[in-house]
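Next come the chains, spelled out residue by residue.
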Amino acid sequence: SGAARARIRPPAAAVEPTAMAPPCGGCASGLSSAYRRLRRWSQGHGGPAADCSPRRDADGCNGYHRQEDQVPTYLRPRVGCWASPVPYSPTGFGTWQRQVSDASDDSKTPVQVLDVPDNMEFDLKVLEGAAAHVQAQKMSADAIVGASTRTSAQERRRRLREIDLAVRRLQAAPVKQKDGKDVRRSFGTEQLLASPGSLPKVPTAAQRQAAQRELMARLVRELPAGVGPVLERISKVPRRLLTARGPDGQNLRREMLRGAVIVFFTAGYEGKRFIFERAHQLGVRTVLIENADSWSRRLEDEGIISKFVPVDMSQSSGAVYIDALAAIEALADDPMIGPADGIATFVELSVPTAARLAEALGLPGPLPECVDVARDKYQTRAALAAAGLPTPPNHLIRCEADLGAAAAKVGFPAVLKPISGAASLGVKKVVDDADLVATYHELDRELRTLVVSSGALVKATPQNPGTNAVGVIGASFLLERYLDGAEVDVDVVMSEGEWCFAAVSDNGPTLEPYFNETWAVTPSLLPRDQQVALKDLAIGSVKALGFLDGVFHVECKYTSFGPQLIEVNARMGGGPVYETHRRCWNCCLVEETLFAATGVPSRPDVPREPLECVANSDVNTLRSGRLQDLSFLEPLRDRQGVVHFIPHVEVGEEVVGPQDGLPTWLVEVVVSQPTPRQALDFLLQLEAEIQSRVRLAPPAGR
């Protein structure tokens, strides 16, 4: 072993009578205390204190911001900025397509050097073997200070030159072998004077990645042939590989899903077909529980799912839960399927049931009480307030008698909404007491016209009678203060209690008073500091509700009084959310949902910059009438930059404009462009072309 003592201090006359650190304190304690004494001495003698902070530019910003943050606005073209959607990214926050002038190049700035007095002392004593320990015990602080004071500056410089010469001789000494080992230097001397010495060379990033890829491939080959429980496969893979970022790590996690039996509780509307197709691509054996007449039943005949289990969804929730639980437990006796590895759902109204099924079966999943709080907007507000997160004034309304107290507490303008719902159905702005009373009765009537079909809330029709929605979402309302400002969606992926993906998307102004959605664009065009604040609020809200794993669609607003939460949805966002993040950030929210459902950790393979910038719109009808044709779709056909479009209406259908009620959506449009501003401008141009071609006849009965 070796022992060393090093001290740096100003000239002897400036030395303060400070007690020395004990010998066992090592070099670091002596260096830090000496630096503090040097700083005080410099300030006392009229000299400026050493500036060890990062270099500052003329604009007052730290010099490192161009690598880790963003360049000043006046040096950056207006193409948008983005908050990194993953933690610990190679670039924490950044911009793309930025153009920085040569004057702002950090590499051309001279490095500031700290001046050190010529007669600064540096005393070093190296002892080998047992003598080091004995001598360290005998050395006293007074003896060290006295010896240093008696040594001249010339002698100290001579000894430093000798130490430097000894280090060079040590490095150049011929190798001496003893029993096949290099004995020209001891471990202590080598690590003190020539670290890292003869230790093996550190592999390059490319070499390390290649070794990791080879190890992952070997592990995949050694996994048991055929199918088996996911948790058993996970146990055979080192955690550092299972949580590795990058394409190799993501492929390894996908391999964990191959052959897994995942039960999907309800299918949702037919537009969610891509979810089951993606699960099939991943090698998942899907078991789907749905109503017997669901569109998804034919997926079994097409070979996309392994088994369809019909359950009567017209029963109460408790009865449906019992039937579903019995069906899942019976899978263990099915020789073609086997026991379930996970439970998943992509339907908002099915999340509470799926959580209870997972808990009853001992499978990974969110706690049912967390889901219940997230589904109840009043309880969500209470949970955020308890966690110290911003919460607007609000009041629970169970009957008409509660309206007066709610108005007195919240004030106007305000928003009236069901405490649990989806797709902005039953949500309306109110401006005074009379409006509140009228809106309460209007929304109560509207909820009674909604039905649940394939897990989604829709208007009842003769062709689709569905299940009455009041029995599912209840008739209680929440009155809360109206939130002004820009609305965003933050799509969050949580794994083992921490976020691993959180991307901000802008939402266009909703059509008030019904808050119908209009457009969205990813990445966000908001200032970076607002994006970060909104992202932090979204992640904090998910944690405040008690969630540890899963995919969440969080809606927020950046108001005149800061970021505010609208709601947390404990599932993947609907509509084009999946396609948006797959194209923009290479993040497949379907597979991340399946990872959480089976206990596989999430680490999305996200690029440093967006791959594409995506905008989408559900084009609203601007006036009521009967649709004469679908000629408004012509501007979208074979149009460069249009990713896809999906009509929501048929010829002859009655559509509703905002002046008569909740507007009808005509078509979903998704576009892609190099920058978010270009994507949004192109989308709005298309929407104007669509609206100019909408042909309506007067509504029936007028």
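Residues numbered from 1 in each chain as written. Predicted model: local features only at pLDDT ≥ 70, side-chain atom pairs only at ≥ 80, totals over all residues. Heavy atoms only, no water.

> Help me understand the confidence of the model for the protein chain in this model?
Note: predicted coordinates in regions of low pLDDT should not be interpreted at a detailed level. Taken as a whole, the protein chain shows an average pLDDT of 81; of its residues, 72% reach a score of 70 or greater. Contacts from residues 1–26, a stretch scored under 50 in pLDDT, to residues over four places away or in other chains number 61 contacts. The low-confidence segment residues 45–79, where pLDDT is below 50, has 65 contacts with residues more than four positions distant or belonging to other chains. (pLDDT = per-residue confidence, 0-100. Contact = heavy atoms within 4.5 Å.)

> I would appreciate a short explanation of the side chain of Arg278 in the present structure.
Structurally, Arg278 can be placed in helix α11 (residues 273–281). Engagement of the side chain of Arg278 in a polar contact is seen with the side chain of Gln281, the distance being 3.1 Å. A distance of 2.7 Å separates polar atoms of two side chains, one belonging to Arg278 and the other to Glu591. The contacts of Arg278, once residues within four sequence positions are left out, are Arg254, Tyr578, Cys588, Val590 and Glu591. (Helix = DSSP H or I, 4+ residues; strand = E, 2+ residues; numbered from the N terminus. Polar contact = N/O pair within 3.5 Å; in protein donor to acceptor, adjacent residues only side chain to side chain.)

> I would appreciate a short explanation of the environment of Thr510 in the present structure.
Along the polypeptide, Thr510 turns up in the loop between β21 (498–507) and β22 (519–522). Put simply, Thr510 and Glu487 are 23 residues apart on the chain and 8.7 Å apart in space, counted from C-alpha to C-alpha. When near neighbours in sequence (up to four residues on either side) are disregarded, Thr510 contacts Glu487, Phe515, Asn516, Glu517 and Thr518.

> Can you help me understand the environment of Gln315 in this one?
The residue Gln315 is located in the loop between β11 (307–310) and α13 (317–330) in this model. In this structure, Gln315 is in contact with Val320 and Asp323, ignoring residues within four places of it in sequence. Here the side chain of Gln315 touches Asp323 through a polar contact of 2.9 Å, side chain to side chain.

> What exactly am I supposed to notice about the pairing of strand β19 (residues 477–481) here?
A regular strand places its side chains so that they alternate between the two faces of the sheet. Burial runs high along β19: four of the five residues are buried. Bridge analysis of strand β13 (residues 394–397) against β19 gives four bridges, and the strand direction is antiparallel. Looking at β19, one finds that Leu396 is bridged to Leu478. Inspection of the sheet shows strand β14 (residues 414–418) paired to β19 by five bridges, in the antiparallel sense. The residue bridging Leu416 from the neighbouring strand is Leu479, located in β19. (Buried < 20%, exposed > 50% of the residue type's maximum accessible area, 1.4 Å probe, protein only. Pairing = 2+ DSSP bridges.)

> Please explain α13 as it appears in this structure.
Since the α-helix packs 3.6 residues into each turn, any two residues three or four apart lie on the same face. Helix length check: α13 (14 residues) gives 20 Å between terminal C-alpha atoms against 20 Å at 1.5 Å per residue, within 8%. Within α13, burial applies to Val320, Ala324, Leu325, Ala327 and Ile328. Axial view of α13: buried residues confined to an arc of 165°, hence all on one face. Looking at the buried residues of α13, the elements they touch are β9 (261–265), β10 (285–290), β11, β12 (342–344) and α14 (351–361). (Expected span 1.5 Å × (residues − 1). Arc of directions from axis to C-beta.)

> Looking at this structure, how should I read the packing of helix α10 (residues 247–257) against helix α22 (residues 589–598)?
Helix-helix packing is described using two parameters, namely the angle between the two axes and the distance between the axes. Orientation of α10 relative to α22, taken along the N-to-C sense of each, is 60°, at an axis distance of 10 Å. Judged by the angle between their axes, α10 and α22 are oblique. In terms of crossing hand, the pair formed by α10 and α22 is left-handed. Between α10 and α22, the residues in contact are Gln250, Arg253, Arg254 and Leu257 and Glu591, Glu592, Leu594, Phe595 and Thr598, respectively. The residue makeup of the contact of α10 with α22, split by class, is three nonpolar, two polar and four charged. (Axes fitted to C-alpha atoms, helices over the stretch in contact; angles between N-to-C directions. Parallel < 35°, antiparallel > 145°, perpendicular 65-115°, else oblique. Left-handed = near helix turned anticlockwise from the far one by under 90°. Nonpolar A, V, L, I, M, F, W, Y, C, P; charged D, E, K, R; others polar.)

> What is the right way to look at the packing of aromatic side chains in this model?
Think of a pair of aromatic rings as described by two things: how far the centres are apart, and how the planes are tilted against each other in angle. Under the criterion given, the structure shown has six aromatic pairs. Residues Phe264 and Phe346 carry aromatic rings whose centres are separated by 6.1 Å and whose planes lie at 15° to one another, so their mutual orientation is stacked. Of this pair, Phe264 sits in strand β9 while Phe346 sits in the loop between β12 and α14, and the two are 82 residues apart along the sequence. Judged by relative accessible area, Phe264 falls into the buried class, the value being 1%. Here the aromatic rings of Tyr440 and Phe477 are separated by 5.5 Å at their centres, their planes lie at 65°, and the arrangement is edge-to-face. Here Tyr440, found in helix α18 (residues 433–449), pairs with Phe477, found in strand β19; they are 37 residues apart in sequence, far enough to count as distant. A relative accessible area of 0% means that Phe477 is categorised as buried. Through a chain of ring-to-ring contacts, three or more aromatic side chains come together here, namely Phe264, Phe276 and Phe346. Just above the ring of Tyr482 sits the side chain of Lys429; from NZ or CZ to the centre is 4.2 Å. (Phe/Tyr/Trp six-rings, centres within 6.5 Å; stacked < 30°, edge-to-face > 60°. Lys NZ or Arg CZ within 6 Å of the ring centre and 35° of its normal.)

> In this structure, what is going on with the environment of Gly426? I would like to understand it.
Structurally, the position occupied by Gly426 is in the loop between β14 and β15 (428–430). Aside from chain neighbours lying at most four places away, what touches Gly426 is Leu416, Lys417, Pro418, Leu443, Glu446 and Phe477.

> Please clarify how unusual backbone geometry should be interpreted in this entry.
A negative phi angle characterises most non-glycine residues, just as the trans form characterises most peptide bonds. A cis amide bond links Glu512 to the next residue, Pro513, at an omega of 10°. Position of Pro513 relative to the elements: it lies in the loop between β21 and β22. Residues Thr522 and Pro523 are joined by a peptide bond in cis, for which omega reads 0°. Relative to the helices and strands, Pro523 resides in the loop between β22 and α20 (528–544). In this model, Thr266 sits at a positive phi of 70°, which is unusual for a non-glycine residue.

> Quick question: what am I supposed to make of the sheet that holds β9 here?
Through backbone hydrogen bonds, the strands of a sheet pair up, either in parallel or in antiparallel fashion. Spatially, the four strands line up as an open sheet ordered β11-β10-β9-β12, and their pairing is parallel. Edge strands, defined here as strands with exactly one partner in the open sheet, are β11 and β12. Recorded for the sheet is a direction-independent mean angle of 25° between the axes of neighbouring strands. Across three bridges, the pairing between β9 and β12 is parallel. Bridge assignment links Ile262 to a residue of β12, and that residue is Gly342.

> Quick question: what am I supposed to make of the pattern of salt bridges here?
Oppositely charged side chains can pair when the atoms bearing their charge come close. Using the criterion set out here, one finds 28 salt bridges in the structure. Residues Arg583 and Glu579 are paired through a salt bridge, measuring 2.7 Å at the closest nitrogen-oxygen approach. You can see Arg583 and its partner Glu579 sitting in helix α21 (residues 577–585), four residues apart, about one turn around the helix. What you see here is one network of salt bridges that share partners, running through Glu270, Arg273, Glu277, Arg298 and Glu302. (Salt bridge = Lys/Arg side-chain N within 4 Å of Asp/Glu carboxyl O.)

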